[in-house]
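Below, each chain spelled out in residue letters.
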Amino acid sequence: MATIPAVFEQPSPSSPSLPALVPTIAIAHGDGIGPEIMDAALRVLEDAGAEFQAVPISVGEEVYRAGYSSGISDEAWDVLADADALFKGPITTPLGSGYKSLNVTLRKTLGLFANVRPCRSLAPSVSTLHPELDIVIVRENEEDLYAGIEHRQTHDVYQCLKLVSRPGCERIVRHAFEYAKANGRKKVTCFTKSNIMKLTDGLFQQVFTEIGEEYPEIEQDHMIIDIASARLAARPQDFDVIVTSNLYGDIVSDIAAELTGSVGLGASANIGERLSMFEAIHGSAPDIAGNGIANPSGLILAGVMMLTHLGQGKTAARIHNAWLRTIEDGLHPGDIYREGSSKERLGTEAFADAVIERLGSKPQTFTPVDYEDVAPIPDRAQETPAPRNRAQRKLEGIDVFVMSEADPETLARDLQVATAGLIPLQMITNRGVKVWPKGNPATFCTDHWRCRFQPQGHLSLNKPMIVEIQRRLAAAGIDFIKTEQLYSFDGEAGYSLGQGQ
Ligand code: NAD
């Protein structure tokens, strides 16, 4: 592990040169190219006059190898408990089912709810198809398919739960609008797939519309993720701030970063209520690790975001302007080096030196940045929330998921015999498509069936009846995997219909 420059060490209480309250930054060098780019980035921050106390922590491969399947030790958690920020190099996630991604663990455990990724083209210095690209992606960071709740339910079928909460949507959408306000951005576009996932993505879109009403000065728009991604790749200049859920945000932010020239240029902030984490968007690049050729820009710019977040906007702008000047001068790491537009190909350390030499100078063709007046983004989720109106919830039915090799007609008959006198079977679907009653023989069926029971007319359902259905199915040898209750909320169905129902 690289040593931490002296300026980052704990100041003595009597030190006259440092302010009274110097933030504590946990430094994780990471794996692969991580130590190389972290050393380079720390040198730039040090020479620019960044003020913080650095505490190194061990995470990643060496910790996995030491027997921590999470990739982080108890000591590192202790450091993070007292730190103001985490500055992190990329981590290699070992292949194998025993290991969880440390990045996801950190984001979820530390409540880092917002992933903010600015992407900006650097034309003509860095070749790109889209010289006008200048967007910020605000990605929800804790929920969605990244809840990491997966099950193999039958021989054929595996499931991953997509969990979306109203507070989670409110918090990320509000952060996007507040970010736009604080940074003088004009428009926020929401990406969802609400035409297909009407409940989960529908909620995200609905919250976007609701919260958007509080920001009339900001233009707002909603787009379906597929056409939105296509437009983003073809006409990125149509976008300003994008807010979206976890998986879509993961994908579109890499597309946007690559459109600027290379993933090596991308930085991200993972914003939490107390501690925030700053990192490059790329991975540990094992293919080039140890060669001293990795582009440290993503991590340097993550450092810029960190300093701005910590109220050291002047130093942040000093670094960013020096970095822009370096790029403008045609001094480029290998991933963005192009004959013609670049002047010199630099390794990791030489590139950091070039940035350091330019500290104090401004770019000539790019617009210089100024972060002194960027107001901290309030986390309004922390304000005392208005009491929620709790909807009237009514149990309306039950979906029983069954593993069976039978055909739909046989399965329906067996289910009806087993549950005779209880609640009627309404429908059976296979992978979401209605196959009973009146299925289409062309529909391909797996061994995984959703069997919907719903009382008709004024008959009502209760929990003991659900237990009784399960008992009868078990007695009849019907192999049910799980049951899911169907609720309505203020009369509105809180469950999807079958495809073709
Ligand atoms: P990667 O981002 O590491 O590499 C993709 C390609 O981009 C490679 O060709 C690489 O050489 C190049 N590249 C990446 N960063 C570069 C840089 N700074 N300078 C020059 N070239 C650069 O993606 P991957 O290969 O899919 O993943 C490698 C490992 O990183 C995996 O274990 C993955 O889980 C992990 N990962 C970690 C993070 C993180 O810690 N935040 C993010 C993504 C991937």
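Along each chain, the written sequence defines residue order, and numbers are assigned to residues from 1. Under the rules for a predicted model, residues below a pLDDT of 70 receive no local features and side-chain atom pairs below 80 are neither given nor counted, while totals for whole chains, interfaces and linings still include all residues. To obtain the side-chain values, all non-hydrogen atoms of the structure were used and water was disregarded.

A. Molecular detail of a negative patch on the surface. The grouping of D74, E75, D78 and D82 at the surface amounts to a negative patch. A run of H or I in DSSP counts as a helix once it spans at least four residues, and a run of E counts as a strand once it spans at least two, with each numbered from the N terminus. Tracing the sequence through the fold places D82 in helix α3 (residues 74-82). Each patch is assembled from residues with relative accessible area greater than 30% and no salt bridge, linking like charges that lie within 9 Å and nonpolar side chains (Val, Leu, Ile, Met, Phe, Trp, Tyr) that lie within 5 Å. Residue burial considers only the protein chains on display, and all accessible areas are found by Shrake-Rupley using a 1.4 Å probe. Note on definitions: salt bridges are taken to be side-chain nitrogens of Lys or Arg within 4 Å of carboxyl oxygens of Asp or Glu. Neither His nor the chain ends is counted toward charge; the positive residues are Lys and Arg and the negative residues Asp and Glu. Think of each charge as sitting on NZ of Lys, CZ of Arg, CG of Asp or CD of Glu.

B. Structural detail: the sheet that holds strand β2 (residues 53-57). Here a strand pair is declared whenever DSSP counts at least two bridges between the two strands. With mixed pairing, the 10 strands of this open sheet are ordered in space as β2-β1-β3-β12-β11-β4-β5-β10-β8-β9. Bordering the open sheet on either side are β2 and β9 (219-224), each of which pairs with just one other strand. Averaged over all neighbouring strand pairs, the angle between strand axes comes to 20°, with direction disregarded. Relative to β2, strand β1 (residues 24-28) runs parallel, the two being bridged by five bridges. In the strand pairing of β2, I25 is matched with A54. Should any heavy atoms of two residues lie within 4.5 Å, those residues are considered in contact. To obtain each axis, a line is fitted to C-alpha atoms, and for helices this fit is confined to the stretch in contact; angles are then taken between N-to-C directions over 0 to 180 degrees. Contacting β4 (112-120), β5 (134-140), β8 (187-192), β9, β10 (241-244) and β11 (267-272), helix α5 (residues 166-182) crosses the sheet at an angle of about 35° to β4. Those strands touched by helix α7 (residues 225-234) are β5, β8, β9 and β10, and its axis lies near 110° from that of β9.

C. Seen up close, the nonpolar core. In plain words, nonpolar cores are sets of buried Ala, Val, Leu, Ile, Met, Phe, Trp, Tyr and Cys residues tied together by side-chain atoms within 4.5 Å. Buried means the residue's accessible area, taken with a 1.4 Å probe over protein chains only, is under 20% of the maximum for its type, while exposed means over 50%, and partly exposed covers the values in between. Ranked by internal contacts, the top residues of the largest apolar core, which has 75 residues, are F52, F87, V188, V243, I319 and W323. Each domain span listed reflects an automatic or database assignment of domains. Of the residues that make up this core, three or more belong to each of domain 1 (1-111 + 262-373) and domain 2 (129-259). With residues near it in sequence (within four places) discarded, W323 still touches L122, L265, S297, L301, F351 and V355.

D. Highlighting the packing of helix α9 (residues 297-309) against helix α10 (residues 313-328). α10 packs onto α9 with a crossing angle of 155° between their chain directions and a minimal axis gap of 7 Å. As summarised for this structure, α9 and α10 are arranged roughly antiparallel, according to the angle between their axes. Here α9 runs over α10; the crossing is left-handed. For the pair α9 and α10, the contacting residues are S297, I300, L301, V304, L307 and T308 in the first and G313, T315, A316, I319, H320 and W323 in the second. For this scheme, ten residues count as nonpolar: Ala, Val, Leu, Ile, Met, Phe, Trp, Tyr, Cys and Pro. Four count as charged, namely Asp, Glu, Lys and Arg, and the remainder, Gly too, count as polar. Of the residues assigned to the contact of α9 with α10, the class counts are seven nonpolar, five polar and no charged. Angle categories are assigned with fixed cut-offs, so that under 35 degrees is roughly parallel, over 145 is roughly antiparallel, 65 to 115 is roughly perpendicular, and the rest are oblique. Throughout, a crossing is termed right-handed when the near helix is turned clockwise from the far one, and left-handed when it is turned anticlockwise from it by less than a right angle.

E. How the structure looks around the packing of aromatic side chains. Between the rings of Phe, Tyr and Trp (Trp by its six-membered ring), a pair exists once the centres lie within 6.5 Å; its type follows the angle of the planes, with under 30 degrees stacked, over 60 edge-to-face, and the other angles tilted. Overall, the coordinates contain four aromatic pairs when judged by the stated rule. Aromatic pair F191 and F239: ring centres 5.6 Å apart, planes at 80°, arrangement edge-to-face. Remark: F239 occurs in the loop between α7 and β10 and F191 occurs in strand β8; sequence separation between them is 48 residues. Taken as a pair, F191 and F239 share a single burial class, namely buried. Site record: aromatic cluster; members linked through ring pairs are F177, F208 and Y215. In this scheme, the term charge over a ring applies when either NZ of a lysine or CZ of an arginine sits within 6 Å of the ring centre and within 35 degrees of the ring normal. Positioned over the ring face of F113 is R171, at 4.1 Å from the centre of the ring. Residue placement shows R393 over the ring face of Y487; its charged tip is 3.9 Å from the ring centre.

F. Region of interest: the domain arrangement of the protein chain. We note that the domain assignment places domain 1 (1-111 + 262-373), domain 2 (129-259) and domain 3 (393-493) within the protein chain. Taken together, the contacts link 11 residues of domain 1 with 12 residues of domain 2. Connecting domain 1 to domain 2 are one salt bridge. Counting of polar contacts relies on pairs of N or O atoms within 3.5 Å, with two restrictions inside protein: one atom must be capable of donating a hydrogen and the other of accepting it, and residues adjacent in sequence are counted only when both atoms are side-chain atoms. The tally of links between domain 1 and domain 2 comes to four residue pairs in polar contact (both at pLDDT 80 or more). Elements supplying a minimum of two residues to the side of domain 1 that touches domain 2: α4 (102-109) and β11. With three residues, the single largest contributor to the side of domain 1 that touches domain 2 is α4. Within the side of domain 1 that touches domain 2, the residues separate by chemical class into four nonpolar, three polar and four charged.

G. Broad picture of the pattern of salt bridges. In this structure the tally under the stated criterion is 24 salt bridges. In this structure, E279 and R107 form a salt bridge, with 3.3 Å as the shortest nitrogen-oxygen distance. Of this pair, E279 sits in strand β12 (residues 276-280) while R107 sits in helix α4, placing them 172 residues apart in sequence. Assessed through its relative accessible area of 9%, R107 is described here as buried. Across the salt bridge formed by K482 and E484, the nearest N and O atoms sit 3.0 Å from each other. In this structure E484 comes out as partly exposed when scored by relative accessible area, which is 38%. Within the structure, one salt-bridge network assembled from shared partners comprises R325, D329, E357 and R358.

H. Layout of the confidence of the model for the protein chain. The pLDDT averaged across the protein chain works out to 91; a share of 93% of its residues lies at or above 70. Each residue carries a pLDDT value, the predictor's own confidence for that position, ranging from 0 to 100. Counting interchain partners and residues more than four positions distant, the pLDDT-below-50 stretch residues 1-20 has 32 contacts.

I. Region of interest: unusual backbone geometry. Following A123, the chain continues to P124 via a peptide bond in cis, the omega torsion being 5°. Structurally, the position occupied by P124 is in the loop between β4 and β5. Residue A285 is not a glycine yet carries a positive backbone phi of 40°. With respect to the helices and strands, the residue A285 is situated in the loop between β12 and α9. The backbone phi angle of D490 is positive, close to 50°, even though this residue is not glycine. Mapped onto the fold, D490 is located in the loop between β19 (480-489) and β20 (492-493). On the basis of relative accessibility, which here comes to 58%, the residue D490 falls in the exposed class.

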